[in-house]
Every structure is written in structure tokens, then in C-alpha cells.
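Take a look at the letters that make up each chain.
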Amino acid sequence: MAVVIDVNRANASQLWPRVLYAVNKAHFIAIDLEMTGIGMRNKKRSKDLAERYPTLREAAQSRALLSLGIACYTSTETAPRTVTWTAQTFDVALFCQRDYVVEPQSLSFLHRHGFDFNHHVEAGLPYTPPSKAQVLGQDDKPQQQHDPAELFRAIIAANVPIVAHNGLIDLLFLYESFWAPLPTTWAFFTNNASQLFANVVDTKYLSEFVAQDEASFLEFVFRKHYRNQNADKCCMPIAMASYTRFLGPASYVTVAYPRLANKANVREKVKVCGSYSRYGFCRNSSCEQSHDLDEILDQLQASKPSKRAKVLEALHDTVEVADMKGSDDSTTKPAVEGHRAGYDAFMTGYIYASLLPTIGEKHKGQLYIMGAKRNGLKLVKSAFSDYTATHQAAWKQLQALKCDRR
């Protein structure tokens, strides 16, 4: 069972030191966000990121974060050539203090996946995105206890891999919400991000271009790699932090791990939905084929490796969609029961931990970009321009904070 600890106004005094300690001791940190929307989806499909950026920037500036999922993974060699990972997973409830846009599609998506809006309003940790004047020190920002921006700075200061799945939108929202106002151009953003997010690893990029999985949406990749790690005694042990058993039952939730392969589904020739197997949803409200990811994986893994591509191609419908956060369709069936940023962060971290023995700590700063066929996006600073003034000021404050902690 995976344990996801809920961090909110009611228990922050008890848990905040524990969260910061977990971040400081982590070997890598996986993240995920829930938002009130991501803007006009059809405007994000330009292959030119410089053209797409104004829409992405506007979305991050006008929408808000609802929760921040963090999974802090540490490793211990428990036996020769056997590494046990300990995962401390937190779901930090957030409540933005400035006006923001809420999209009906996103509300519907979150409601279908069990998001508690009452809890968000009653217990979310308040945060206000920093203004330019505040970042530059021209306007003092009031000190806030249990400030989510403090947690974000601690994650950056930890100087370990920061793992996200399809992470570009996450990085934009984190930057705007906790670091500084987003720069006006894509070139300036990538400059700043090359320093701020130098340690970011995107598991969707790894799934598409390194592992070359049959599909790359989060739960499919997690379930596939979970099966691989638990097949033929090739197991990657995952332990939960021992202190969770001392927390009150209202402070955490447990989520069962997915099941392993079931050959009976193959013998019975269960018919699975092609669209769902590739993208994690189906627009056909009358679809009678299986939307069960375990049954889909049973079919794929029962076929010989040389035939899997053909099997998958036969399953798939010819549809093109954006794998974006918070997307919703009234006929879409959910991939999981419940939807939490914390558990999504746990799954993202598990994928990365399972790939580490074969890829090492490569592919930092490499992001998945929809439509990119080979290399995705590499965050690299331009040789012809410097960081923006707000980023330099925020970075200087971060370095001073790191020195104070020594």
C-alpha cells in the first residue's frame, strides 16, 4: 500500500518540519500539481514553442494551484545489489489568495476523480504569487508560516533530480506561483529555467524516447513498470516511512498497488478499447470494450516482443489528442478511482526509480513536448542573453538562504 500524507492548515504545524526534512534528505523528488485549468487547449498545439508560450504564460498567470504532490525518495542498499527505496509522499493542499480563473472542464475532471473542493477552501495553505516588486525587494512580502513558496525553494535548494511527468505545464505554474512573474518571452523563460530547473527529469520523455513504452500516459507507464519490477523475482522494494503509523487516520490515505499479470484475461480474449489503451480515455460513451488498464497490459505482455507493436497498433483508434493535465470529456471514463497529486507524484517517482539502474542520472533538463518526434525540449541557456532581473534577484535570495542553513 502506498501512503499519501495530507498536509493542510489543520496539521501543518505538526507535519511541516517533517516535509522539509524529507525534502532535504531525498535522493530525488517527484512532483505533480492540480490546477483550476490550463487555458485554451487548441492554442497550445503550435509546434513553435515561442508561439505557444504566450498562451501557456497567460494560463499560469490567471489560473491557480489546488494541490502540490511531493514524493521524496531515498535509497538504501539492504542486500548485495538490492536497493530498497523509501517513499515519503505528501499531498499539500493549496489556496490561492489572488483572483483566478476556474475552468468547468477542470472542475468536472477533478470532481469525477474525487477531489474534495470543501477541503481545498477550508484547509488549503494560503499562497500569493510573488509580484515583480516583491522579488526585487521593492515591496516587502509579509512573512507567512508554512509558506508553500518556502517548500518550493527547499526543493530547488536540495539540488537533487526533480521528477515530473509531462512536466512543462508544471514548471510554468511553479515558476509563476512561487518564484517570480513569468518572463514575457519563451527565450527568457528557457534561460531562467535552465538554471532553476536544471535537475528536472521528465518521465513522459523517458517513456516515449528512452524506454519506448507502448503508451506514455502516467498510470499506464506506472502499472507497466510495476509489473516489470515484480516479475521473475526482479523486485524493487518500496518502503513507507515508519512514522506514518503514528499519524491520525485523517492525516493520510492509503492506495493499493496495482495487481500483477493475469493470464486468464488473455485466455478469455478480453476485448480492450484501443483509444483507452493508448491515451487513457475514450470519447465513445457507448464503448463496450474494456477500459481496464490491467486487462490492456495482460494482452500486451502476453504477446511476443516482436508482435507487441502490431498488437498495439491493432488496438488503437486513429485519434490525436494532447496529453494535458486536467483534460476532460463528458464521455471519458476515469483511469483510477480517485485522483490525488500526491499519488501521481508517487507513481512518477516509482517510474524514475525503476529506470535508474539502466539510464543513470541522465536526461536532466530534457522535457517531453507534444509533437516532438525525437528529442523533446532541452533546457539550455542562450549564449546571447542573460537571465532576467527578477530571476537573478530570486536566485540570489535562494543562495543566501542556503548559506544561512549551513
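Described in the following lines is the structure provided in the data block. (Residues numbered from 1 in each chain as written. Predicted model: local features only at pLDDT ≥ 70, side-chain atom pairs only at ≥ 80, totals over all residues. Heavy atoms only, no water.)

1. Quick word on the overall build of the chain
So, point 1. Looking only at helices and strands, the chain has 16 helices and eleven strands in total.
So, point 2. Across the 406 residues that make up the chain, the buried fraction comes to 54%. (Helix = DSSP H or I, 4+ residues; strand = E, 2+ residues; numbered from the N terminus. Buried < 20%, exposed > 50% of the residue type's maximum accessible area, 1.4 Å probe, protein only.)

2. Details of the packing of aromatic side chains
So, point 1. Counting across every chain of the model gives 25 aromatic pairs.
So, point 2. Aromatic pair Tyr205 and Phe209: ring centres 5.1 Å apart, planes at 50 degrees, arrangement tilted. Within this pair, Tyr205 and its partner Phe209 are both found in helix 9 (residues 203–210), separated by four residues, close to a single helical turn. Like Tyr205, the residue Phe209 is buried in the burial classification.
So, point 3. Each ring, one from Tyr343 and one from Phe346, has its centre 5.8 Å from the other, and the planes form 15 degrees; the classification is stacked. Residue Tyr343 and its partner Phe346 are located together in helix 15 (residues 341–359), separated by three residues, close to a single helical turn.
So, point 4. Aromatic rings pair up to connect Phe28, Tyr73, Trp85, Phe222, Tyr226, Tyr343, Phe346, Tyr350 and Tyr352 into one cluster.
So, point 5. Residue placement shows Lys204 over the ring face of Tyr368; its charged tip is 4.8 Å from the ring centre. (Phe/Tyr/Trp six-rings, centres within 6.5 Å; stacked < 30°, edge-to-face > 60°. Lys NZ or Arg CZ within 6 Å of the ring centre and 35° of its normal.)

3. Section: the environment of Tyr73
So, point 1. Inspection of the secondary structure assignment puts Tyr73 in strand 3 (residues 65–79).
So, point 2. Classification of Tyr73 as buried rests on a relative accessible area of 0%.
So, point 3. Each C-alpha atom of the pair Tyr73 and Thr89 lies 8.5 Å from the other, and the pair is 16 residues apart in sequence.
So, point 4. For Tyr73, the contacting residues outside a window of four places in its chain are Ala26, His27, Phe28, Trp85, Thr86, Ala87, Ile238, Phe346, Gly349 and Tyr350. (Contact = heavy atoms within 4.5 Å.)

4. Notes on the pairing of strand 4 (residues 82–96)
In summary, the side chains of a regular strand alternate between the two faces of the sheet.
So, point 1. Across the 15 residues of strand 4, eleven count as buried, placing the element largely inside the fold.
So, point 2. Where strand 1 (residues 2–7) lies against strand 4, four bridges are found, and the strand directions are parallel. By the bridge assignment for strand 4, Val7 is matched with Val92.
So, point 3. One ladder, built from three bridges, connects strand 4 with strand 8 (residues 238–240); its direction is parallel. Bridge pairing in strand 8 links Ala87 to Met240.
So, point 4. Looking at chain direction, strand 4 and strand 5 (residues 125–127) are connected through three bridges and run parallel. Following the sheet pairing, Cys96 is matched in strand 5 by Tyr127. (Pairing = 2+ DSSP bridges.)

5. Brief notes about the pattern of salt bridges
So, point 1. Following the criterion strictly, the structure yields eleven salt bridges and no others.
So, point 2. A salt bridge links Asp91 to Arg340; the nearest nitrogen and oxygen atoms lie 3.6 Å apart. Of the two residues, Asp91 is situated in strand 4 and Arg340 in the loop between helix 14 (305–315) and helix 15; the sequence distance between them amounts to 249 residues.
So, point 3. For Asp91, a relative accessible area of 6% translates into the label buried.
So, point 4. Between Arg98 and Glu176 there is a salt bridge, with the nearest N and O atoms lying 3.3 Å from each other. Highlighted residues: Arg98 in the loop between strand 4 and helix 3 (104–112) and Glu176 in helix 7 (residues 168–179), separated in sequence by 78 residues.
So, point 5. With relative accessibility at 26%, the residue Arg98 sits in the partly exposed group.
So, point 6. On the basis of relative accessible area, Glu176 is assigned to the buried category, the value being 3%. (Salt bridge = Lys/Arg side-chain N within 4 Å of Asp/Glu carboxyl O.)

Scope: geometric values only; no functional claims are made or implied.
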